[in-house]
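# Chains, contacts and geometry: an overview
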Amino acid sequence: MTMRTALDIERCDLNIKGNHSNHHTELFGEKRLVVRRGQPFSIVLHLTSSNKEFKVGETNFMFDVETGTPLLQPCTHPQASTVDTEWSASAATDASGRTVTVSISSSPKAPIGVYTLTLDQLGQKTSLGQFTLLFNAWCPDDAVYMKSEEKRKEYVLAQHGLVYRGSHKRIKGKPWNFGQFEPGIVDICLKILDNNPKFVSDADKDVSSRSDPIYVTRALSAMINSNDDQGVLVGEWAEFSDGTHPGLWMGSGEILRQWAESGPVRYGQCWVFAAVACTVSRALGIPCRVVTNFGSAHDTNANLVIERFYDENGDRISGDDSIWNFHVWVDSWMTRPDLGSKFDGWQTSDPTPQETSDGVFCCGPASLCAIKEGEVGLKYDTPFIFAEVNFLFFCSKTRLYPRRIESTKSVGRFISTKAVGANERRDITHQYKYPEGSKEEREVYERAQHRNMLLQRGEKPGLHLKIKLAENMIVGSSFEVYALLTNNCMDTRNCKLIFYARAVSYNGKIGDLCGFSSDNLEVPSGEERRLSLKLEYQRYEPAITSDLLIQVSAITFDKETVDFQKAEKTIVLDEPDIGIKLVGEARVNQPVTVELTLLNPLPEPLLSCSFAIDGIGLTGSKPITATYVKLSNEAAKASIEFKPTVAGSSVLLVNFDSDKLKNIKNFTDVVVEE
């Protein structure tokens, strides 16, 4: 039944507090309405006193919901995307008939973004406001639906996390503030999509495609780096003088705000790219986790073989393939209707610019199931990620010695992410690959044969070379490492053993020499010989980067058979701990002091020292830095005052920087009382 006169609306209450509680969006604050798709939200229409009593069933009106207007830009396509017909609404009134509560149900397949809500009464339109619609991990009909409430809390709602770095022998969890609910961040995340070249070329198609988390995740993979566009981060692995060293960042919020104000931010490396991608994904409602792969292969020519070439001194002479000590990317949770339900679940994408995909520096999303099963023909970029984590082979050749094919188990080890609900590491290697040497692993390789013929690994009698590291290897100390050569042959072998150390960056880039030793050894059958290498601080300090990594390599040449063996290990120098002590209780809008202490492990003074602290709801929108630091011969100390603004549990991140020790981090839990 069509109404004869239009309702006269006094005001519209978007019921932000109640809707946010129902939609798990309370942390966005109460300044704007943010809801998740596929789930009803309610608004309240307050009618003027001149209206006749509203009666359900006797008055009809219609709501228009529209999206497609680019944020912070003029609206060139106001009708760019009118959502599908799965939306619905129902109304109820109170006893007075002057208040109408309208329940609006959005489609679980609606595009995410900012929507305008308009009341249409026989052509008379009244604007009721705007709301932001996100993906919904709580809705069974949404493509990102996740059954476990604990996992939803971790992968959608958690604003703090750990990003794992180091080597597989010394895995270190570094704290990171994702801060997806900080003021303005969700708008910046949507602005990233509006800067996507696909939006610029065809706004209608791009906005409509934002209903698909596969499309959004692939777009973010391209837009978090700035290689092809005005994306968020500039990658750099050498010179940082005209920007911020990647190790100094403590959270995503500062990076995203800086990008929104002035464009691409200098600089990021893989863990920064991944952490920012995780923030944006969680802000948009896509469950996401940060993943670290220790021993990550970078196969530049897609032949599933890592090729290395050495001269007679053991120095690499060519080859673009590499194995990174670690590499960090993200997994996002969603269905894959384009591949089939078997491939639903976690999908890997990598925003670090390494190789192009469809002409753009992006990677993924690739199904973890496809990666594990060797289904390298499935999109997107499955062969590249398969090669990053799988048991590869590499060719080592020299100018003087014959070709040798070796196998390595150093690829795809201890794949790590933060555990659900705990500040602990969870090993997820089994989700990416079958156990080495298992029947399933062999079957996976057979499915991947069209990329290359993988060789089976076989142990043979001969010389065996390995490296033994010291127990305590803290930066500033001097220590010894050993090359151990065992002869499993039936006769004595005469060998030359070369043992050396070079600085190395986390991405595998080799730096300067910082230690060398060699000897001619006679090794009887069944016996072992060792060669020591002393690494002195005065020699390795000028060579190492802020990654604190040293690669030690041993090579032995059998003078009779002209065969050789090579062993490598990466040393992660231990960092000193930062002592954190809160003075008094933390209360809302009351200043509280944190005392910070770092014991200097170096045999020389530290200069240009500074501490910085950062915490969501603790320090405001930017870290607080203390550049005046009390120094003694043994310690650097500082006291920093901050004023919490939000009650509840939070995490205070601390960073120490100086001329000799850089990017030392720690964190502590803070409970803020009202």
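A short tour of the structure in this document, coming up. (Residues numbered from 1 in each chain as written. Predicted model: local features only at pLDDT ≥ 70, side-chain atom pairs only at ≥ 80, totals over all residues. Heavy atoms only, no water.)

### Notes on the packing of aromatic side chains
Selection criterion: Ring geometry is summarised as follows: Phe, Tyr and Trp rings, the Trp one being its six-membered ring, pair when their centres sit within 6.5 Å, and such pairs are stacked at plane angles under 30 degrees, edge-to-face over 60 and tilted between the two. Under the DSSP-based scheme used, a helix requires at least four consecutive residues in state H or I and a strand at least two consecutive residues in state E, with every element numbered from the N terminus. Partly exposed describes any residue whose relative accessible area lies between the buried limit of under 20% and the exposed limit of over 50%, with all areas from a 1.4 Å probe on protein chains only and scaled to the type maximum.
Tallied over the entire structure, the rule returns 17 aromatic pairs. Aromatic pair W87 and Y115: ring centres 5.6 Å apart, planes at 40 degrees, arrangement tilted. Taken together, the residues W87 in the loop between β5 (81-82) and β6 (88-93) and Y115 in strand β8 (residues 113-121) connect sequence positions 28 residues apart. Using a relative accessible area of 14% as the deciding quantity, one classes W87 as buried. With a relative accessible area of 0%, Y115 lands in the buried category.

### With respect to the layout of surface pockets
Put simply, the rule reads: Think of a 1 Å grid over just the protein atoms. A cavity is a set of points where a 1.4 Å probe fits yet cannot get out, a pocket is an open set with protein on both sides within 12 Å along at least five of seven lines, and lining residues have an atom within 4 Å of a point. Grid points are joined across faces, edges and corners, and a volume is the space filled by probe spheres set on the points.
The calculated volume of the second largest pocket comes to roughly 1000 Å³. Lining the second largest pocket are 36 residues, with L27, Q159, F181, I616 and G617 sitting closest to its centre. Only α2 (149-157), α3 (185-194), β38 (648-657) and β39 (664-673) provide two or more residues apiece to the lining of the second largest pocket. Looking at the lining of the second largest pocket, the element that brings in the most residues is β38, giving four residues.

### Some points on the side chain of S505
The following threshold applies: Whether two residues are in contact is decided by their heavy atoms: any pair within 4.5 Å suffices.
Examined against the element boundaries, S505 turns out to sit in the loop between β26 (493-504) and β27 (510-523). Its relative accessible area of 9% is what places S505 among the buried residues. When neighbours within four sequence positions are excluded, S505 is seen to be in contact with N325, T545, D547 and L549.

### A look at the pattern of salt bridges
To keep it simple, the criterion reads: Any carboxyl oxygen of Asp or Glu that lies within 4 Å of a side-chain nitrogen of Lys or Arg is treated as forming a salt bridge with it.
Scanning the entire structure with this criterion turns up 23 salt bridges. With a shortest N-O distance of 2.6 Å, R37 and D142 are connected by a salt bridge. A residue pair is termed long-range when its members are at least 10 positions apart, and R37 in the loop between β2 (33-36) and β3 (40-47) and D142 in the loop between β9 (124-134) and α2 qualify at 105 residues. Classification of R37 by relative accessible area gives buried; the value is 1%.

### A few points about the side chain of K172
The criterion, for reference: Throughout this description, a polar contact denotes any pair of N or O atoms lying within 3.5 Å of each other; where both atoms belong to protein, one of them has to be capable of donating a hydrogen while the other can accept it, and for residues adjacent in sequence the pair is counted only when both atoms sit in side chains.
You can see K172 is positioned in strand β11 (residues 170-177). Here L573 takes part through its backbone oxygen, which lies 3.3 Å from a polar atom of the side chain of K172.

### Thoughts on unusual backbone geometry
Apart from glycine, the bulk of residues carry a negative phi angle, and the bulk of peptide bonds sit in the trans form. Omega for the bond connecting R266 with Y267 falls within 30 degrees of zero, at 15 degrees, which places this linkage in the cis form. Residue Y380 follows K379 across a cis peptide bond; omega there is 5 degrees. Tracing the backbone through its elements, the reader meets Y380 in the loop between α9 (368-373) and α10 (382-389). Of note in the backbone geometry, D381 takes a positive phi value of approximately 60 degrees without being a glycine.

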